[in-house]
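Observations on chain architecture
Here is how the chains run, residue by residue.
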Amino acid sequence: MTATDESPKSSLACPVVSATVVVEQLGAEGSVLRAARHPSASLSLCRTERRELALLLDSPARPQVKVLLRDVSLHRRFLREGKATVVVRGQHVRLLVSNAPPAQLLAFLRVLSAKLALQAPLAARDPNVPPPARSAKRPSAGPQSQAKRPSKEMTMSQYLNPLPMTKEQRSVLEVATSNRNIFFTGGAGTGKSFLLQRIIAALPPDSTWVTASTGAAACQVQGVTLHAFAGLGRAAGSLEQCVQLASRPAALQQWRRCRHLVIDEISMVDADFFQKLESVARQVRGNDSPFGGIQLVLCGDFLQLPPVLRGGGGGRFCFESEAWSRCVDVTMELREIHRQDDPEFIRILRNVRVGRCSEEDARRLSATAKNTMNLPEGIAATRLCTHRADVDQINAHQLNALTGRLREYCAEDSRLRPGAQVMLTKNLDVRAGLVNGARGVVVGFRGGGRGLPEVQFACGVRRVLPAERWTARSSGASPLSRRQLPLRLAWAFSVHKSQGMTLDCVEMTLSRSFEPGQAYVALSRARNLRSLRVLDFTPACVRAHPAVLRFYAGLQTS
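Residues numbered from 1 in each chain as written. Predicted model: local features only at pLDDT ≥ 70, side-chain atom pairs only at ≥ 80, totals over all residues. Heavy atoms only, no water.

Notes on the overall build of the protein chain
On a plain count of helices and strands, the protein chain comes out with 17 helices and 29 strands. In the protein chain, which comprises 558 residues, the proportion classed as buried is 50%. Considering only contacts within the protein chain whose residues lie at least 6 apart along the sequence, 67% involve residues at least 24 apart. About 25700 Å² of surface is accessible on the protein chain, with carbon and sulfur atoms providing 50% of the total. (Helix = DSSP H or I, 4+ residues; strand = E, 2+ residues; numbered from the N terminus. Buried < 20%, exposed > 50% of the residue type's maximum accessible area, 1.4 Å probe, protein only. Contact = heavy atoms within 4.5 Å. Areas by Shrake-Rupley, 256 points an atom, 1.4 Å probe, with all protein chains shown as cover.)

Spelled out as structure tokens, the structure:
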């Protein structure tokens, strides 16, 4: 390892990683002789005059460090958390990387691994060329078992959702990673959730808090509720009382560490709470900049579900608060539809979103009541209900009607039997169709004890599902986690809980809809008119809030 002010002789096409890096000089037996911490460093690759691959570490307060990459091992187990370890045995150096944007770190390690692997043939002839990186994993039993077992990097790639982004999505990502406060919106199916995952993966984990307006939405983004982050509870008291709550040690630590705050489903955040939150942020952080200097990444569609106050009744939209105009620098709208594949249905949904329903639209939606869905044997359409009590009654009745052995999975607080209609609650394999909202039926159980449910999905995939891990940030040093089956009973589901989901087959009753946007949310869960059955459609259920229509009209003219 050498410290030098000399610029690299040959830079390489490789992402530069911004991270905290600890450089450890190791003894012969791996003991740490000395360590240097670089809180705000950047890592890149270069080649020396002798064409040797080297890693460059630049830090504002320290000289540049160059490490020749000889006999390298990469440890990537905690890549999702923006952490990795690079052990360079040829130089007796270990680099501990943390707080790196996960997408950036993954891309960097991919390029590093590829360049080291390309030098393997040269290493056999030239002792000055380093061998390829060695995995920190145990060797597999053979080539066949290795082919069947996905690597950690593949798992990470699926987490980052490697599907390509559109031009408009890339534009939003560019703004969101430029430290500007952004609100991005768009109708159902425009890829807001997909894009939000990419934005989160591009931000430094240690200073980014991912939140949502409701518990269900927070679960989908592996975050916490906005109320839990703020430490304000119901935020029912005065501003002074809220500042006192946010000044408690655990909450204050989060407020001071936070540099980037992501809020999903912002449409369900009440204006008074948003205004109070912005004032609290400035006071507890001692910073009079908008939102106390925290970058905001806000996502949602105000033409979907509005804010609901405790005890019932709707609140004002947060764009109606003074804090909104003070904080939001950029507003961007996604317009390209990805969920639906039926041009006629897309046209109908665009009308319904803004509260319009022509006679022809009403006729087409009413006609879906007679649809006979071509579903795999045993799979029934999910019933979307406007009221949660209806959902609970339908699911309990249908489950009790089955005669197979009942199995209870406590973490999910639910019970399953063969024949149970279920819905996937997590993206497991996007390319195979196993996405949040994928429908299936339990066909049996595998393994001893309680066993694991085997599910036949409508997309044609049959899979035994183990418990999955959900993680959430906490005020402590380590994230909280919970393991549970990624399934929910799906004879019926509430419209509120369906937000963000794509349903393979869905039927609904909308005559009792009670909120603007509720019919639009329900209808837009379907992919096309063929997979939709509306049992009681009436044009009266199609409504959009006048204040929201004015807000979006202003976006079009600004």
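Concerning the side chain of S498
Mapped onto the elements, S498 comes out in the loop between strand 27 (492–494) and strand 28 (506–508). Residue class for S498 comes out buried when judged on its relative accessible area of 0%. Those residues in contact with S498 that sit more than four places away from it in its chain are L384, F493, V521 and R525.

Some details on the confidence of the model for the protein chain
Detailed reading of the predicted coordinates is not advisable wherever pLDDT is low. For the protein chain, mean pLDDT is 84; residues scoring 70 or higher make up 84% of the total. Least confident of the elements in the protein chain is helix 3 (residues 143–148), whose mean pLDDT is 35; most confident is strand 15 (residues 295–299), at 98. Confidence drops under pLDDT 50 across residues 1–11; counting only partners more than four residues distant or on other chains, this segment forms 29 contacts. Across residues 135–156, confidence stays below pLDDT 50; counting only partners more than four residues off in sequence or on other chains, it has 15 contacts. (pLDDT = per-residue confidence, 0-100.)

Let's talk about the pattern of salt bridges
If you walk through the whole model with that rule in mind, you get 19 salt bridges. For E52, the salt bridge identified is with R70, shortest N-O distance 2.3 Å. Here E52 is found in the loop between strand 4 (32–47) and strand 5 (53–59), whereas its partner R70 is found in the loop between strand 6 (62–68) and strand 7 (72–75), with 18 residues between them in sequence. Residue class for E52 comes out buried when judged on its relative accessible area of 6%. Here R364 makes a salt bridge to E344, at a shortest N to O gap of 2.9 Å. Note that R364 is positioned in helix 14 (residues 359–367) and E344 in helix 13 (residues 343–353), a separation of 20 residues in sequence. The partly exposed category is assigned to R364, whose relative accessible area is 22%. Taken together, the shared-partner salt bridges connect E278, R282, D288 and R326 into one network. (Salt bridge = Lys/Arg side-chain N within 4 Å of Asp/Glu carboxyl O.)

A look at the sheet that holds strand 13 (residues 224–225)
As summarised here, the arrangement of the six strands in space is 13-12-14-15-11-16, forming an open sheet in which the pairing is parallel. Edge positions in the open sheet fall to strand 13 and strand 16 (330–334), since each of these has one partner strand only. As defined by bridge partners, strand 12 (residues 208–212) adjoins strand 14 (residues 260–264) across five bridges and the pair is classed as parallel. Counted as the bridge partner of W209 is L261 from strand 14. (Pairing = 2+ DSSP bridges.)

Remarks on helix 14
Within the span of helix 14, buried status applies to D361, A362 and L365. All buried residues of helix 14 lie within an arc of 95° about the axis, which places them on one face of the element. Structurally, helix 14 contributes buried residues whose contacts are with helix 13, helix 16 (518–523) and strand 29 (532–534). (Arc of directions from axis to C-beta.)

Description of unusual backbone geometry
Most peptide bonds take the trans configuration, and most residues that are not glycine carry a negative phi. Backbone geometry places H92, a non-glycine residue, at a positive phi of 55°. Within the secondary structure layout, H92 lies in the loop between strand 8 (84–88) and strand 9 (93–98). Positive phi outside glycine occurs at E265, with the angle close to 50°. Within the secondary structure layout, E265 lies in the loop between strand 14 and helix 11 (271–285).

Describing the nonpolar core
In terms of nonpolar packing, the biggest core is built from 41 residues, with W255, L261, I266, F274, F291, F302 and W324 touching the most fellow members. Put simply, the parts of the chain that give this core at least two residues each are helix 8 (226–230), helix 9 (239–246), helix 10 (249–257), strand 14, helix 11, strand 15, helix 12 (322–327) and helix 17 (546–557). The leading source of residues in this core is helix 11, at six residues. Apart from the residues lying within four places of it in its own chain, the contact partners of I266 are F183, F274, L298, C299, G300, F302, C318 and W324. (Core = buried A, V, L, I, M, F, W, Y, C linked by side-chain atoms within 4.5 Å.)

Examining helix 10
Among the residues of helix 10, those classed as buried are A251, L252, Q254 and W255. Buried residues of helix 10, seen end-on, are gathered within an arc of 160° and therefore sit on one face of the element. Facing away from the buried surface of helix 10 by more than 90 degrees, the exposed residues are P249 and R256. Elements that come into contact with the buried residues of helix 10 comprise strand 12, helix 8, helix 9 and helix 11.

Examining the sheet that holds strand 27
Within the open sheet, the four strands sit side by side as 27-17-28-29. Their pairing is parallel. In this open sheet, the two edge strands, each paired with only one partner strand, are strand 27 and strand 29. Geometrically, the sheet is characterised by an average inter-axis angle of 25° between neighbouring strands, direction not taken into account. Where strand 17 (residues 382–385) lies against strand 27, three bridges are found, and the strand directions are parallel. Bridge pairing in strand 27 links C385 to S494. Along the sheet, helix 15 (residues 388–401) contacts strand 17 and strand 27; its crossing angle with strand 27, the most-contacted strand, is approximately 160°. (Axes fitted to C-alpha atoms, helices over the stretch in contact; angles between N-to-C directions.)

Re the pairing of strand 12
Taken across its five residues, strand 12 has five buried, putting it largely inside the fold. Here strand 12 shows a buried face lined by T208, V210 and A212 and a second buried face lined by W209 and T211. Relative to strand 13, strand 12 runs parallel, the two sharing two bridges. Its bridge partner lying in strand 13, A212 is registered against T225. Chirality of the crossover, the property in question, places the unit of strand 12, helix 7 (residues 215–220) and strand 13 among those that are right-handed. (Right-handed = clockwise from strand over helix to strand, strands pointing away.)

Here we look at the side chain of K276
Along the chain, K276 falls in helix 11. One buried charged residue, K276, remains without a salt bridge, the closest side chain of opposite sign being D272 at 7.6 Å. Look past the residues within four positions of K276 in its chain and what remains in contact with it is A235, A236, G237, L239 and C242. (Lys, Arg positive; Asp, Glu negative; His and termini not counted.)

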